[in-house]
Amino acid sequence: MSDEQSTTWTLLFEPLGVLVFRDDRPFDAGRHALAVSRFPLPSVFRGAVRAALFEAAGADFRRPGFGLGGEDAILGNGQQREGFTLRGPLVVRDVGGNPGYEYVLPWPRDAVVTGRRDGENGESILQAEIMRARHAHDPEPTCLRMGAPDEAGKRSLEPLRTALPWTEASRLPKPQGKPWLTVAGAQQYVQRSSQPESAPLELVEGQDWLEQDSFLCEEKRVGIARATESGEERLVAAESMLYTLIAWRMCPSFRFAVEIDVGEASGVGLHTRLAALIRQLDGRLVRLGGKSGHARVTVVEDALAPRWAQPLASQAPSSSKLWLWTPGLYDPGTAPGAIATMGEAIRLGGFDMAKHQPRPLLGALDRGSVLWFSALDHEALARHREERAKEQDLPAASYGYGQWIPRSNA
Amino acid sequence: MTTMDETTTVPRTPEYWKHKARAVLLPTPLAELDAAGEQERQASLLAWLDLEQARDELHHEATRDARGVHVPQWVLALREGARQAAPSAELPLRALVHPLSGERPQDAVDAIWQLDELGRRYDAWIDDLLSGERMPPHDSRSFAALWHDLHGSASAGGPASWIAQVPGDPELRDHTWLAQRTMASALVGARLDGDEACLLHVHCGPVQSFIEAARRTSDLWLGSYLINLLAYQATKTIAELCGPDSVIYPHFATLPLAQRDRLGGDLAQRSTKEKQAWLRASQPNRFVAVVDGKHAQDIATLAAGAVLDRWIGMGAAVKRGLAKLLGPERAERGLAGFDQQIAELLEIDLVVQPWPRDVTAVQSMLATAKRTAQHPSEDVGTGEHYEAVFGLGRDTLGAQRRVLSLPPGHGDARVKCTQCGRREAMGPRSDRPRRQEWRAWWEELLRRLSRQPGASETVDFRRGEWLCAVCLTKRLACRYDLAGPGGELGLDWDLTEDDRPLLRFPSVASIAAAPLRLYLREQAAHQAVRRWIRHLDRLHEIIEFKFPGNLLPGLGELGRGVDVLDCDGTWLYARSYERDTVLHDHDRNGDEIGPRLDDALKDARDAFGRLGKMLASAHERPNRSSVRATPYYAVVVLDVDEMGRWLDGTHDRRPSLEEILAQAGVTTDHARSGGARTHRPVSSSLHAEVSRRQGELAATTLREIVEEAHLGRVVYSGGDDVLAFVPLHTLWCCLRDIEVAFTADAALGSKVTLSAGVAIHDWRSPLSLALRAARRAEGKAKQIKGCVVVDLEIRSGAPIELRLPWRFEDDGQRRDLADISAMVEELVKVDEPGNKPLLLRPSAAEVLRRELGTLRHEGLEAAFRARVRKLVRPDGRVHPWLDHMMDTAPEPPGPPPPRHVRILARKRREIGQVVAFLLLLRFLAREHGGLEHGELYEKIERRRSQEEVRP
């Protein structure tokens, strides 16, 4: 695809040191002893990319409107959202060749590890089963769950209204470690998900899956707070003034990645200008992951998603599942057509710079979550996502990026 | 705030309770032993019960299904033969075999019981049980009293402990008569009206996120205790509606809160020991009961409602307390959204799993779920299918737990909670929030709390702590609910000398320094100790703080009384005598107390220095170092491997029917020809028996081991899980004792394995890091199973992680973790100036580490071993542990992997274990602190044998 025709770019971020993506807990050094990082949210990269694009466009942040004219349609302003869609962050690894990088994807939460064994060469092989919706039993067990409070604050026990994810394996072991799938592993998962009857997945370490610790590990840093109890603002290396910061360190052959997309309806002018700005980022350092954190950007003129990937909901059949690669804003209880969701809930918060106040916390689905749909209504689902995004003024398109997979329930 | 539908009821007639009582008492424990006398005993009890209908068939079926295994006719014939061969006045009674291992306990003795004697014992027991003209049970309360009395009398040390030796089945001697009657009674209750029994599986949460949102140990303990308290509400409700016998897991009689509920009168007058017991968290958050299908949903509704009501009541009590403290207007402004946050917290999931009485129906149900019935045998009832039905219900609950619901979104623009980060912190809420206004609200709360009686006892909040409603409730639950007005534990928060210490948890520094504090306790009269205490007293006056009192049961009675135990463990570390540290740790302002503090601190520091000199000079230590406190402590997280598989009958090591029958005198050939090679199905009685053992272990044995024998403190011990803090000095012996306790014949037997994660951290490290490390280590141990993974976070050095076996055999001699303590002692003993053991020299481990890359290749193993030996013990005597750690890491239970896999595994990582092990030994020797293990354990024993008299 030529430069002029490209509507999708992938920005790769090579961290130059440890990165800090703090959770929502306020942290004042000296008052609090521990600051913990979590996997970065889309908003972190949106901020970093926009700031870098502003700088590339020659913005002067001290001047009103940043001294830019006519870039609002591309970069956005206080009233208008930017003219591109950002999807990510994802993780990529250097595999050599061209394009040289491929995704490493969060473990799909409807696949459960049922065993682990050593292969002939001593490699670790994960055995996993993909859960299916359980068929009726006779007599059927009654599944009850405490519902959310109603307006009067009353909660009641309600029958579970979702499908029940089920495997035929007897008792499942507790999850161990944090495996991620390579493209080869992901392909196996996608293929098996669509097959009515399938044998368990056999995933080989290094080839089909990677342990998170092998490419992104936590690192403890100790800092010294200022002593304010004494009325002084001096640094005191007393024990009580030490605090610990948990930061991330990424393995050298891995990168964070975001895909930037400009809609075809955006017009040639916008597209050309954005392409020029993005191209300027290639090789630049951008601020990322804490006050002194930086990453070097590499621009790839295409999406890195594998060929078999179907990220578009409109192409998904009505009985599908969505495997989230980035956090999603869907509410499992009200998302149209969703019959069950497996995964973890996270809370999106952060600080609203425009209003200069903390954002209200908003529940979301973590990466790796899987939503099962029956009678999927794409438009209704898009509306649902937009409505939830509005609650926190988030760009809906940046959330819920993932893989749509035809769902077999046999 | 209303919670649940208040119209739900579960009606029970007096006949219901009478039939349950009949099932509990009949057949009597002598039924199989003395069949001839049974008719008379039965008639007497039936007359007492005065039932409208006997319902013999129902009772017979319930007994059969509780027993849950079909004993072939030929085995029964064998028994009859044996019985006839014995003299009529004697009963040969073989010892019980273990319910999980199927093994005969090592100290088991087969007894010959004299029929006459047994009859007398029975008469005495039944007279005692029905004494005081006891009426037949007619309601929940009277039935529960009978059931508890029965269990009490049959418990170890009870007046009829012989009953605990009576097997539920003469052939399958792996569960007691008591366990079988308990389950038969539960089944009779569930099926009384022609109904079907169901298994009600319950999960109360959130657990991990709720507990681990903790800045300090007391938050952690209280979080764990509150979840235990809430889950208990559901268990208690089920026990009230269906009887305590219906709760299969946990064993209701062993729950400390259940024991409290049995007591009448004023709980405040009860002894400290009793109150201490009620504050032990041992109720699991996931449990199972047998209920009647017709009322199952109503029972579920009431149980869930009880949990919710208790939590909302707790939140309301805290809110009321804060409103009283702050005044209505300030409270209303700052506590906006409080009720909502409280109401949204709990996650309760329940599954009602049918357990039909018809065999075909059960088999069809299991087939639909693609579960194999392990024992598709002849029509002998559905007791044999209990394990599969239990497994299906449990897995259904597990599947349900995988279905995600999002927390309702009612967030606002306030700062988030500094403790959990999951909700907005309390404080004024407005469209344009101003941080100053919001900070002032919290400062005012702090100021008012500091004026409360006993404020100098506790730092409720520190400046900079802003909590959500949930974390606020956790923090203040003791003050306003548990020990508030009308609290359910008979405790009063304002009784700062008696009750408040029971509601507190020792700091990690106090745990780390526990061995030294025990040592100092015996030196309390020494001038240096008295002087140090005097200056600490003065210092505390200035910072307006009181000694917290002793919070470690292993050191003595909880509370104040012995000065050296009363002060917090932090004062045994020189680094605590820094001005800024004192101000920061006690949340005090230096401007207000500056000059006075400086003088007092200087004196206290000086006194601490003299104390150190006294410790160095007064007692000749093995390595001539003074006795001192190590700053390191251990967090221990452990549980039994694959407990679920043991209970659903899919564990590889489960005993076969043949093994069990062998205990009844059936020969192997005979058993095999009779088709007894299949595994022994896990019946509900067997499950109840295992639950009882787990309950006793959790409520009593493990506490004694950790707290009394090893100076630690248990946060949670329930089911097969333990979370505890242990001093570094006693860690290895404590782990050894815990493993021995779990695998003892009286507990879970020799076939179960444990996995443990141990995090050794400095007490100044954030608590949550130590907890995370311990959980992570436990996860790694679980990957192998049956081992201990140690995560050692050295304050100034690279972390060490290694995997240790619980024990191994060396030339027929058992080696266990306690050997590590002995090895450290040995190292310390020979550590003389000029003659430092090679291992303690700075170079040894580093040399090994560097050379490892060269020597780890296949073919160079001998060279590697020689190098280790030379560096560690030039005289050639190498401890078996070192040899063991040089070999492959402990293999998982089951068949060993092929040789080439072992070699590859060793090449990849296992051989490195010996280096890590040496580094661990070196660290332990450095942190030994000069207090010999023998001496320390002598002191512990001495303390335990002394009668504690509270001043």
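Residues numbered from 1 in each chain as written. Chains lettered and ligands numbered in written order. Predicted model: local features only at pLDDT ≥ 70, side-chain atom pairs only at ≥ 80, totals over all residues. Heavy atoms only, no water.

### So, the overall build of chain A
At step 1: What chain A contains, in helices and strands, is five helices and 28 strands.
At step 2: Split into buried and exposed, the 410 residues of chain A put 53% on the buried side. (Helix = DSSP H or I, 4+ residues; strand = E, 2+ residues; numbered from the N terminus. Buried < 20%, exposed > 50% of the residue type's maximum accessible area, 1.4 Å probe, protein only.)

### Focus: unusual backbone geometry
A negative phi angle is the norm for most residues apart from glycine, just as the trans form is the norm for most peptide bonds.
At step 1: Residue Gly88(A) is joined to Pro89(A) through a cis peptide bond whose omega torsion reads 5°.
At step 2: Considering the arrangement of structural elements, one finds Pro89(A) in strand S3 (residues 85-94).
At step 3: With phi around 80°, Lys785(B) is a residue other than glycine that occupies positive phi space.
At step 4: Note on placement: Lys785(B) falls in the loop between helix H30 (767-784) and strand S11 (787-792).

### So, the sheet that holds strand S22 (residues 338-342) of chain A
All names here are of chain A.
At step 1: Read across the open sheet, the four strands follow the order S22-S27-S21-S28; overall the sheet is antiparallel. In the strand order of this sheet, the two ends are held by S22 and strand S28 (402-406), each with one partner. Strand-to-strand twist across the sheet, computed as the mean angle between neighbouring axes with direction ignored, equals 20°. (Pairing = 2+ DSSP bridges. Axes fitted to C-alpha atoms, helices over the stretch in contact; angles between N-to-C directions.)

### Focus: the pairing of strand S13 (residues 807-810) of chain B
All names here are of chain B.
At step 1: Pairing analysis gives four bridges linking S13 to strand S14 (residues 813-816), with the strands arranged antiparallel. Each residue of the ladder has a partner; that of Asp 810, found in S14, is Gln 813.
At step 2: Where S13 hands over to S14, the hairpin turn is made up of two residues, of which Asp 811 adopts a positive phi near 50°.

### Re the nonpolar core
At step 1: Of all hydrophobic cores here, the largest spans 296 residues; its most connected members are Trp532(B), Trp732(B) and Ile760(B).
At step 2: Here this core gets 15 residues from one element, more than from any other, and that element is helix H9 (residues 217-242) of chain B.
At step 3: Apart from the residues within four sequence positions on either side, Ile760(B) is in contact with Tyr632(B), Tyr633(B), Ala634(B), Leu728(B), Leu731(B), Trp732(B), Val790(B), Asp791(B), Leu792(B), Glu793(B) and Phe923(B).
At step 4: Of all hydrophobic cores here, the second largest spans 44 residues; its members include Phe39(A), Leu53(A), Phe54(A) and Ala59(A). (Core = buried A, V, L, I, M, F, W, Y, C linked by side-chain atoms within 4.5 Å. Contact = heavy atoms within 4.5 Å.)

### A closer look at the side chain of Lys20(B)
Residue and element names in this part refer to chain B.
At step 1: Looking at the secondary structure, you find Lys 20 in helix H1 (residues 14-25).
At step 2: Taking relative accessible area as the criterion, Lys 20 reaches 0% and is therefore assigned buried.
At step 3: Looking at Lys 20, its side chain comes within polar contact range of the main-chain oxygen of Ser 185, at 3.4 Å.
At step 4: A polar atom in the side chain of Lys 20 sits 2.7 Å from the side chain of Asp 245.
At step 5: Among residues more than four places away in sequence, those in contact with Lys 20 are Phe 143, Ser 185, Ala 186, Val 188, Gly 189, Cys 242, Gly 243 and Asp 245. (Polar contact = N/O pair within 3.5 Å; in protein donor to acceptor, adjacent residues only side chain to side chain.)

### Notes on the pattern of salt bridges
All names here are of chain B.
At step 1: Overall, the coordinates contain 87 salt bridges over all chains when judged by the stated rule.
At step 2: Glu 61 is paired through a salt bridge with Arg 357; the nearest N and O atoms lie 3.5 Å apart. Here the residue Glu 61 occupies a position in helix H3 (residues 56-67), and Arg 357 occupies one in the loop between strand S6 (347-355) and helix H15 (359-368), the gap between them amounting to 296 residues.
At step 3: According to the relative accessible area criterion, Glu 61 is buried, its value standing at 16%.
At step 4: Salt bridges sharing partners connect three or more residues here, namely Lys 236, Arg 260, Asp 261, Arg 310, Asp 481 and Glu 488. (Salt bridge = Lys/Arg side-chain N within 4 Å of Asp/Glu carboxyl O.)

### Description of the pairing of strand S11 (residues 179-182) of chain A
All names here are of chain A.
At step 1: Side chains Pro 179 and Leu 181 project from S11 onto one buried face, and the interleaved Trp 180 and Thr 182 project onto a second face that is buried too.
At step 2: Relative to S11, strand S4 (residues 101-106) runs antiparallel, the two sharing three bridges. Bridge pairing links Val 104 to Thr 182 in S11.
At step 3: Relative to strand S13 (residues 209-211), S11 runs antiparallel, the two being bridged by three bridges. Paired with Pro 179 across the two strands is Glu 211, which belongs to S13.

### Quick notes on the state of the cysteines
Cysteine pairs can be covalently joined through their sulfur atoms, and such a bond is termed a disulfide.
Residue and element names in this part refer to chain B.
At step 1: Going through the model one piece at a time under the given rule, you end up with zero disulfides over all chains.
At step 2: Unpaired in terms of disulfides, Cys 198 finds its nearest cysteine sulfur in Cys 242, a separation of 11 Å.
At step 3: Residue classification places Cys 198 among the buried positions, given a relative accessible area of 7%. (Disulfide = S-S within 2.5 Å.)

### Topic: the packing of helix H14 (residues 338-345) of chain B against helix H18 (residues 469-482) of chain B
Residues and elements named next belong to chain B.
At step 1: At a minimum axis distance of 8 Å, the contact between H14 and H18 shows a crossing angle of 85°. One finds that H14 runs roughly perpendicular with respect to H18. Where H14 abuts H18, its residues Phe 338, Gln 341, Ile 342 and Leu 345 lie against Ala 469, Val 470, Leu 472 and Thr 473.
At step 2: Its residues assigned to classes, the contact of H14 with H18 comprises six nonpolar, two polar and no charged. (Parallel < 35°, antiparallel > 145°, perpendicular 65-115°, else oblique. Nonpolar A, V, L, I, M, F, W, Y, C, P; charged D, E, K, R; others polar.)

### A closer look at the packing of helix H31 (residues 818-829) of chain B against helix H36 (residues 913-926) of chain B
Packed helices, taken two at a time, are described by the angle between their axes plus the distance between the axes.
Residue and element names in this part refer to chain B.
At step 1: Packing of H31 against H36 brings their axes to within 9 Å, and their N-to-C directions diverge by 65°. For the crossing formed where H31 meets H36, the hand is right-handed. Taking contact as the criterion, the partners of Ile 820, Met 823, Val 824, Leu 827 and Val 828 in H31 are, on H36, Phe 917, Leu 921, Leu 924 and Ala 925. (Left-handed = near helix turned anticlockwise from the far one by under 90°.)

### Considerations on the environment of Leu921(B)
All names here are of chain B.
At step 1: Counting through the fold element by element, Leu 921 comes out in helix H36.
At step 2: Sequence separation between Leu 921 and Trp 532 is 389 residues, and the spatial gap between their C-alpha atoms is 33 Å.
At step 3: Excluding residues that lie within four positions of it along the chain, Leu 921 makes contacts with Ile 820, Met 823, Val 824, Leu 827 and Leu 839.

### With respect to the confidence of the model for chain B
The predicted coordinates ought not to be read in detail in places where the model reports low pLDDT.
Residue and element names in this part refer to chain B.
At step 1: Per-residue pLDDT for chain B averages 86, and the proportion of residues at 70 or more is 89%.
At step 2: When the criterion is pLDDT under 50, residues 889-910 qualifies, and its contacts beyond four places in sequence or with other chains add up to 39 contacts.
At step 3: Prediction confidence for the complex, expressed as pTM and ipTM, is 0.93 and 0.91 respectively. (pLDDT = per-residue confidence, 0-100.)

### A short note on the interface of chain B and chain A
At step 1: Listed by partner, the interface residues are 96 residues for chain B and 87 residues for chain A.
At step 2: Taken together, the two surfaces of chain B and chain A that pack against each other cover about 7,300 Å², and 54% of this comes from carbon and sulfur.
At step 3: On the chain B side of the interface with chain A, the three residues burying the most area are Arg402(B), Leu404(B) and Leu406(B), jointly 10% of the side's total.
At step 4: Joining chain B to chain A, the criterion identifies four salt bridges.
At step 5: The partner of Glu218(A) in a salt bridge is Arg776(B), and the shortest N-O contact between them spans 3.5 Å. (Buried area = accessible area lost by both parts, 1.4 Å probe.)

### Focus on the sheet that holds strand S17 (residues 242-250) of chain A
All names here are of chain A.
At step 1: Reading across the sheet, the three strands line up as S2-S17-S14 and stay open at both edges, with mixed pairing between neighbours. Edge positions in the sheet fall to strand S2 (34-35) and strand S14 (216-224), since each has one partner strand and no second.
At step 2: The pairing of S14 with S17 spans nine bridges and is classified as antiparallel. By the bridge assignment, Ile 224 is partnered in S17 with Leu 242.

### Side note on the packing of aromatic side chains
At step 1: One pass over the structure, following the stated rule, counts 36 aromatic pairs over all chains.
At step 2: Ring geometry for Phe215(A) and Phe254(A): centres 5.0 Å apart, planes at 20°, overall stacked. Linking Phe215(A) in the loop between S13 and S14 with Phe254(A) in strand S18 (residues 254-261), this pair joins segments that are 39 residues apart in sequence. Each member of the pair, Phe215(A) together with Phe254(A), is buried.
At step 3: The interplanar angle of 90° and the centroid separation of 4.8 Å between the aromatic rings of Tyr16(B) and Trp17(B) together place this pair among those described as edge-to-face. (Phe/Tyr/Trp six-rings, centres within 6.5 Å; stacked < 30°, edge-to-face > 60°.)

### Quick look at helix H6 (residues 140-154) of chain B
All names here are of chain B.
At step 1: Here H6 contains 15 residues, and its C-alpha end-to-end distance of 21 Å stays within 8% of the 21 Å for a straight helix at 1.5 Å per residue.
At step 2: Counted residue by residue, H6 has eleven buried out of 15 residues, so it is predominantly covered.
At step 3: Within H6, burial applies to Ser 140, Ser 142, Phe 143, Ala 144, Leu 146, Trp 147, His 148, Leu 150, His 151, Ser 153 and Ala 154.
At step 4: The inward-facing, buried residues of H6 contact H1, helix H5 (115-129), helix H7 (177-191), H9 and helix H10 (256-262). (Expected span 1.5 Å × (residues − 1).)

### Some thoughts on the side chain of Thr341(A)
At step 1: Along the chain, the position of Thr341(A) falls in strand S22.
At step 2: Each residue touching Thr341(A), except ones within four places of it in the same chain, is listed here: Pro332(A), Leu365(A), Val370(A), Leu371(A), Arg402(B), Val403(B) and Leu404(B).

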